[in-house]
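Geometric and topological summary
This is what each chain is made of:
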Amino acid sequence: MHINMKIAAKYIVVSILLVSFVSCQKNSRPNYQYMPNMYESVGYETYQESDAFANGVEAQLPAEGTIPRGDFMPFEIDNTTEGYEEAKLNLTSPLDSTQVDYEQGKVLYDIYCAICHGTKGDGNGTLAKKELIIPGSYADKDITTGSIYHTIYYGKNTMGSYANQLSETERWHVVAYVEKLKADLKK
Amino acid sequence: MKKSYQSLEDNSTNNMKQVIYRNLTSKILYLGFILLLTFSTSLSAQEGDPVNGKKVFLANCASCHKLDKVMTGPALRNVEARLAEEHGLDREWINAWIRNSAAVIKSGDPYANKIYNEYNQSPMTALASLTDQDISDVLAYTAQPKPEPVVPTVDPNTNTQGEGGVSNNIILGALAVLFGLLAMALILVKRTLNRFAEAKGIEVPSKKGGDSIWKAFVQNQFLVLVTAIFFLLASGYFAYGYFMQIGVDQGYEPVQPIHYSHRIHAGDNGIDCKYCHSSARVSKTSGIPSLNVCMNCHKSISEVAPATLAEGKEYGVDYNAEIQKLYDAVGWDGTAYTGDSKPVKWIRVHNLPDFAYFNHSQHVTVGGIECQTCHGPVEEMEIMYQDAPLTMGWCINCHRETNVKVKDNAYYTKIHEQLSKKYGVEQLTAAQMGGLECGKCHY
């Protein structure tokens, strides 16, 4: 009896040790910190939760009707079929031929568009090959400078808007690059 | 056809008189309907080639139509039969519609106007270049029966190979249990033998050897000193190691509110990191994409492919349910936004303390460093974890080893000339450029 108790105690100690070591390895919560006073901001960090605003996050949309400082032009054409037609006919690029940067356009196009439209614009992107999202080739589309910009800005049908990922000049670089791709496809 | 006739005869012979008439009329009606259907479908099936039809469909229609799901336009499976039955519209009408739907709508055609308004007046592209043959091919493709959902059949052989890790673990576990049992058995046997011996009054010679070694050791003071020092050093080493890893979150892998897999998105489907983390190009933070970025694709992708779903089983997640969580958060009911959205509370993984400043665009755009250098093999991660320690030593080491990219960067030309003369080197490292100054990272 005496000996059994001792053995049992030994086993218990070993297993507790084992369990505690294993549970220290847990990666689903952050590690301990010494003195976290200077680790955690007093000011808000990007996207942090905050009860200062009604919707509970620190990141807020700009107030209605305000525009950023500097070189900014609001886009005044509507997100409607009529707006699309208007852009198609009348909207032109503010960049002249010396300002258009096709290299930059290609870099951005390959990041944001090629996944569906393909690097050549022939509609053979990775997702199109898997028949998940099928945009069709630029060569078959009736598109102009203005309609491409309108499409990037607002999206069209199943294609979403890319206005928040690309700045205004970046959008125009991409437009120029798409036109170049279309011209190359037509050859 | 034949079969229906036969069953008709069966009926008339087997049943009683009163029933026959009612049965007969309904059967004849039914027959006529079947005849009509087979006639109409066989007519179109004869001309159209569904294989070419699929090609035409993918190239021209698939951006707006799916066969079984409403997208920008209506679902098109069996559209010809549906339009003929429900609205009495023939091939003429369909041809005119596809070549120029706007003209059909303008002509005042009631059905065309009805459906145009139903789909928020979004116009269908005029596809004037399609030939009659193309259109009948497409219609033949849409008339194909819906394929049965393929349940991925799992071959038991490939299964054990594919899940090598899991089955290895099981084998190891089984072995451990086996050894445990063996040890237990040995102990039990020894104990019962001892008890027998006691009962029989036999003196089991107990080992005295161990005790004498122990005594010799205790008496040798030199040995005791050496071991004491050894143990002190060893425990010092482990204690130091333990204290140094406090506050370092390498390997941190929180459970996120949506099981979002970088392996599937950035790996299998090759989506560029900056597609989602687009502010890494231009700002301090990389940012987590807002949900409208997800919806660029997930408006169209509401379910994963069966093969992907099967992979998910290995990780114990139902991918389709996870996509549904995304829809719930963004308020998407399958065709439109309901306006009832709630934010997804992603749990932040990488986080430097407040007193350290790190800027993504400086490293990604100016320095041209790949994301994976710092974040590890992200395209293989099913769940995001922190790959690097993110300690000061880690930052400094890299600054000492990495050369600054000066090519095509006018900003650096002058300072690079001066500094490279000062250090007498061809290529400056980030450290020589000032990457070790405390104030650059601590402000």
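Since the structure is predicted, the reported quantities are computational estimates derived from the model, not experimental observations.

Side note on the overall build of chain A
- For chain A, the helix and strand inventory stands at 7 helices and 0 strands.
- Sequence-ordered secondary structure for chain A, helices as α and strands as β, is α-α-α-α-α-α-α.
- Scored against the burial criterion, the 187 residues of chain A give a buried share of 30%.
- Contacts spanning at least 24 positions in sequence make up 53% of the contacts within chain A whose residues lie at least 6 apart.
- For chain A, the accessible area works out to roughly 12,700 Å², and carbon and sulfur atoms hold 58% of it.

A few points about unusual backbone geometry
- In this structure, B:N78 is a non-glycine residue whose phi angle is positive, near 55°.
- Taking relative accessible area as the criterion, B:N78 reaches 36% and is therefore assigned partly exposed.

Some remarks on the packing of aromatic side chains
All names here are of chain A.
- Counting across every chain of the model gives 19 aromatic pairs over all chains.
- Centre to centre, the rings of F75 and Y149 are 5.1 Å apart; their planes meet at 70°, and the pair counts as edge-to-face. You can see F75 sitting in the loop between α1 (2-24) and α2 (81-90) and its partner Y149 sitting in helix α6 (residues 145-154), a full 74 residues away along the chain.
- In this structure Y149 comes out as buried when scored by relative accessible area, which is 2%.

Thoughts on the side chain of B:S300
- Following the sequence through the fold, B:S300 ends up in the loop between α15 (291-298) and α16 (306-315).
- Residues within four places of B:S300 in sequence aside, it is in contact with A:L132, A:I133, A:T158, B:K66, B:K69 and B:M71.

Quick look at the pattern of salt bridges
- Evaluated as defined, the whole model comprises 16 salt bridges over all chains.
- In this structure, the salt-bridge partner of A:K106 is A:D110, at a minimum N-O distance of 2.9 Å. Linking A:K106 with A:D110, this pair stays in helix α3 (residues 102-112), spanning 4 residues, or about one helical turn.
- The exposure class of A:K106 is partly exposed, given its relative accessible area of 37%.
- Through salt bridges with shared partners, a single ionic network connects B:R263, B:D268, B:E311 and B:E382.

Cut-off values and rules
Residues numbered from 1 in each chain as written. Chains lettered and ligands numbered in written order. Predicted model: local features only at pLDDT ≥ 70, side-chain atom pairs only at ≥ 80, totals over all residues. Heavy atoms only, no water. Helix = DSSP H or I, 4+ residues; strand = E, 2+ residues; numbered from the N terminus. Buried < 20%, exposed > 50% of the residue type's maximum accessible area, 1.4 Å probe, protein only. Contact = heavy atoms within 4.5 Å. Areas by Shrake-Rupley, 256 points an atom, 1.4 Å probe, with all protein chains shown as cover. Phe/Tyr/Trp six-rings, centres within 6.5 Å; stacked < 30°, edge-to-face > 60°. Salt bridge = Lys/Arg side-chain N within 4 Å of Asp/Glu carboxyl O.

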